[in-house]
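# Results of the structural survey
Each chain is listed here by its residues.
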2 protein chains.
Amino acid sequence: MTEKKIRTIEELGEFGLIDHLTSGISIKQESTHTGIGDDAAVIDHGTYYQVVTTDLLLEGVHFDLVYTPLKHLGYKAVVVNLSDVYAMNAAPRQITVSLGISGKFSVEALEEFYEGVNLACERFGVDLVGGDTSASVTGLLVSLTALGTAKKEELALRSGAKAKQLICVTGDLGAAYMGLKILEREKQLHAADPEFQPELQGYDYVLERFLKPEPRVDVLLALKEAGITPGAMIDISDGLSSELLHICKASGIGCQVYDERIPIADETKEAAEEFQMEPLVAALHGGEDYELLFTVPLSDYDKVSAIPGLSVIGNMTEEDGKALLVGNDGNAILLQAQGWNAYSPEK
Amino acid sequence: MTEKKIRTIEELGEFGLIDHLTSGISIKQESTHTGIGDDAAVIDHGTYYQVVTTDLLLEGVHFDLVYTPLKHLGYKAVVVNLSDVYAMNAAPRQITVSLGISGKFSVEALEEFYEGVNLACERFGVDLVGGDTSASVTGLLVSLTALGTAKKEELALRSGAKAKQLICVTGDLGAAYMGLKILEREKQLHAADPEFQPELQGYDYVLERFLKPEPRVDVLLALKEAGITPGAMIDISDGLSSELLHICKASGIGCQVYDERIPIADETKEAAEEFQMEPLVAALHGGEDYELLFTVPLSDYDKVSAIPGLSVIGNMTEEDGKALLVGNDGNAILLQAQGWNAYSPEK
């Protein structure tokens, strides 16, 4: 590892850092089916799999309490974690929630946070079974772990994609990022002029997509009813581009997607226009959409086309690791991961 | 909940806060056997139980990098979590490790931390299967989740104690607290005079107990070999007093322990003397010993007495919730929890 020593955390990035620190880990337990490297780890319980996923959410890095109500934060923290469980084509069962709390928080504030947590638990039929609570030196930090179960034949890993399979995405992309941009803009205007009243009317759709994402359980149910088992599946937390590359890398193949097929809501386009920004950039690199990206056999084209809220955006190719974005003119560009990198100095 | 609204987090304390925030939670999943309130949650997998426990460790609250080498921190972070698994009489199988890292940490520093994590994983046969990594605004934060399995008939909950059962404790108590006191003293002397060289020689035992605790797997194996199934079991993280009260409360009975039977090492007594402190106070309230406290049927007295490194310190009583400490003179005092309370302003 000597030659790696000179690399900084910024250079490695989040994924590089995890790869670097966890390379060379050997699996000792028979029950460990899949370790680090997917949306969740997979544990073999004989007749079914259990998936385990964990997320860290830090004030000032992942959320800003200036514009994030604590109840929404609690709800979103759970949903974000459940989204990883659903992305394994598994059903969530239990969660643990740990909190680090600085002196600025009151019991009432924490009650609000837990209201959101409980609402998500009720809605998705999940049990809050444990956690840890501690004082923190600065701000709020939330660490969640979610457990779920999947039938063995239904588990969807990132590595399950095959060449020629269709690439599908649920809902529309880029909206959450535009919601964040608007909240950040209003926050800055308010900071510059305390008399300024944030103007959030008319942005309901993109704001809700950012503040209150919903996991796409509906589409998973529709797939099941249609008798479709996804090949690879991942949830879109860092942006379409980054997630496509994860699937390509894990599956050892490539993909091509068509830019005009990438679903973007009108509200997202309008907001992007205000910021003089290309909506496609928000869809490719914005992240936090928590939509599902998955592959299905080519023969399922008619079936997936019949499911509302699903877009077929391209297909997997034989080309190892290459993710291509094909434009209207037929020209293709290589996709690169530019998801939210919390280590990036520009952030 | 209206009457509770005026309470502050400090007044509620850690356990009170958790109780308050998670009261009224209903269990929805059939597989959830035990939720919040034990060393770990318990999930029913049909022929066996799975236990799930999670811990949050924050720089400046739970550890001080001035005197905690990162490799030790990684090792201890895992061990502390495995200790909760062992305290359910379960075998640990998998862990996840999430890190929040501020800019002051290099890749090499994180490699050291993971060296400790991997050492503990190798030693206890546990797989590191996942985690999350993020930038943090200040310092280092570590969130771990451990999963283990237990035979259904062997699971030891806090609620499993019965009146007249013997109370046993492994190893000796109070050493980790004295180790911490010495490290804190040397740190302050060094801060007052940068020329001062910390003098840690001769304190090896108590320092190691603080910096590198070991879970008592050996005693669990000895119990199994002797055919003893513990009634209640808990690990001593907050101090004997606090853990006895947890068992009393969960089991709905009381206990009495004899002060002269509480095992305290000579090194702990000597260190306590330097601080003009009663060694018993370190044993009762010091915490971080990660020894096991458990009950066994009275009929197992001869068997447990034959196991090295075990002390029988008292017995459970009929008296609801009362934990008594009986002195040499036969007088008894009521034990109260004074474990490390991270919310306490005196800390």
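Being a predicted model, the structure only gives us computed values, none of them experimental.

Helix and strand counts for chain A come out as 10 helices and 14 strands. Relative to the compact-globule value of 20 Å for 347 residues, chain A shows a C-alpha radius of gyration of 20 Å, a close match. Taking the principal axes of its C-alpha atoms as reference, chain A extends roughly 55 × 50 × 50 Å. Sorting the 347 residues of chain A into buried and exposed places 51% on the buried side. The long-range fraction of contacts in chain A, counting pairs at least 24 apart against all pairs at least 6 apart in sequence, stands at 83%.

Residues and elements named next belong to chain A. Here we have 7 strands laid out as an open sheet, ordered β9-β11-β8-β12-β10-β13-β14, and mixed in their pairing. Edge strands, defined here as strands with exactly one partner in the open sheet, are β9 (233–235) and β14 (332–334). Mean inter-strand twist for the sheet, computed between neighbouring axes without regard to direction, equals 25°. On top of the sheet, helix α7 (residues 240–251) reaches β9, β10 (254–258), β11 (292–296) and β13 (323–326); it is set at about 150° to β10, its chief contact.

Right, let's talk about the sheet that holds strand β13 (residues 323–326) of chain B for a bit. Residues and elements named next belong to chain B. What the 7 strands build is an open sheet, ordered β9-β11-β8-β12-β10-β13-β14; its pairing is mixed. With one partner strand each, in any of the chains shown, β9 (233–235) and β14 (332–334) form the two edges of the open sheet. For this sheet, the mean angle separating the axes of adjacent strands, direction not counted, is 25°.

In screw terms, the move from chain A to chain B is a rotation of 180° and a rise of 0.0 Å along the axis, fitting with an RMSD of 0.0 Å. Here the copies are linked by what is in effect a two-fold axis. Both copies contact each other with a shared surface, as 100% of the interface residues of chain A are interface residues in chain B too.

This brings us to unusual backbone geometry. Residue and element names in this part refer to chain B. Even without a glycine there, the phi angle at Asn 89 is positive, about 60°. Residue position: Asn 89 is located in the loop between α2 (70–86) and β4 (91–101). Its 25 C-beta neighbours within 10 Å are what place Asn 89 among the buried residues. Of note in the backbone geometry, Gln 276 takes a positive phi value of approximately 50° without being a glycine. Among the secondary structure elements, Gln 276 is positioned in the loop between α8 (266–274) and α9 (279–285).

Residue and element names in this part refer to chain A. Under the domain assignment, chain A is made up of domain 1 (2–151) and domain 2 (158–334). At the interface, 16 residues of domain 1 touch 17 residues of domain 2. Grouping the amino acids of the side of domain 1 that touches domain 2 by side-chain chemistry returns 8 nonpolar, 4 polar and 4 charged.

Counting 208 residues, the largest nonpolar core has A:Val51, A:Val78, A:Leu244, B:Val51, B:Val78 and B:Leu244 as its most contacted members. For A:Leu244, the residues in contact, after removing those within four places along its chain, are A:Cys255, A:Val257, A:Ala323 and A:Leu335.

It is common to report an interface's size as the accessible area lost on association of the parts. Taken together, the contacts link 63 residues of chain A with 63 residues of chain B. Elements with a minimum of two residues in the side of chain A that touches chain B: α1 (9–22), β2 (41–44), β3 (48–58), β4 (91–101), α3 (107–124), β5 (127–130), β6 (133–135) and β7 (141–151) of chain A. No other element matches the 8 residues that α1(A) contributes to the side of chain A that touches chain B. Class assignment of the residues belonging to the side of chain A that touches chain B gives a composition of 27 nonpolar, 26 polar and 10 charged.

The subject of this paragraph is the confidence of the model for chain A. Residue and element names in this part refer to chain A. Mean pLDDT for chain A: 91, with 95% of residues reaching 70 or above. When the criterion is pLDDT under 50, residues 1–5 qualifies, and its contacts beyond four places in sequence or with other chains add up to 2 contacts. Contacts from residues 339–347, a stretch scored under 50 in pLDDT, to residues over four places away or in other chains number 22 contacts. Quick note on the complex model: pTM equals 0.91, ipTM equals 0.89.

For the rest of this paragraph, the subject is helix α6 (residues 217–225) of chain B. All names here are of chain B. Inspection of α6 places Val 219, Leu 220 and Leu 223 among the buried residues, and these make up the whole buried set. All buried residues of α6 fall inside an arc of 100° around its axis, so they share one side. The outward face of α6, more than 90 degrees from its buried face, is lined by the exposed residues Leu 221, Lys 224 and Glu 225. Residues of α6 that are buried in the fold lie against α2, β8 (166–170), β11 (292–296) and β12 (310–317). Once α6 finishes, Gly 227 follows within two positions and takes phi at roughly 75°, a positive value.

Conventions used here
Residues numbered from 1 in each chain as written. Chains lettered and ligands numbered in written order. Predicted model: local features only at pLDDT ≥ 70, side-chain atom pairs only at ≥ 80, totals over all residues. Helix = DSSP H or I, 4+ residues; strand = E, 2+ residues; numbered from the N terminus. Rg over C-alpha atoms; globule rule 2.2 N^0.38 Å. Buried ≥ 20, exposed ≤ 12 C-beta atoms within 10 Å, placed from the backbone. Contact = placed C-beta atoms within 7 Å. Pairing = 2+ DSSP bridges. Axes fitted to C-alpha atoms, helices over the stretch in contact; angles between N-to-C directions. Least-squares fit on C-alpha atoms with pLDDT ≥ 70 in both. Domains from an automatic or database assignment. Nonpolar A, V, L, I, M, F, W, Y, C, P; charged D, E, K, R; others polar. Core = buried A, V, L, I, M, F, W, Y, C linked by C-beta atoms within 7 Å. pLDDT = per-residue confidence, 0-100. Arc of directions from axis to C-beta.

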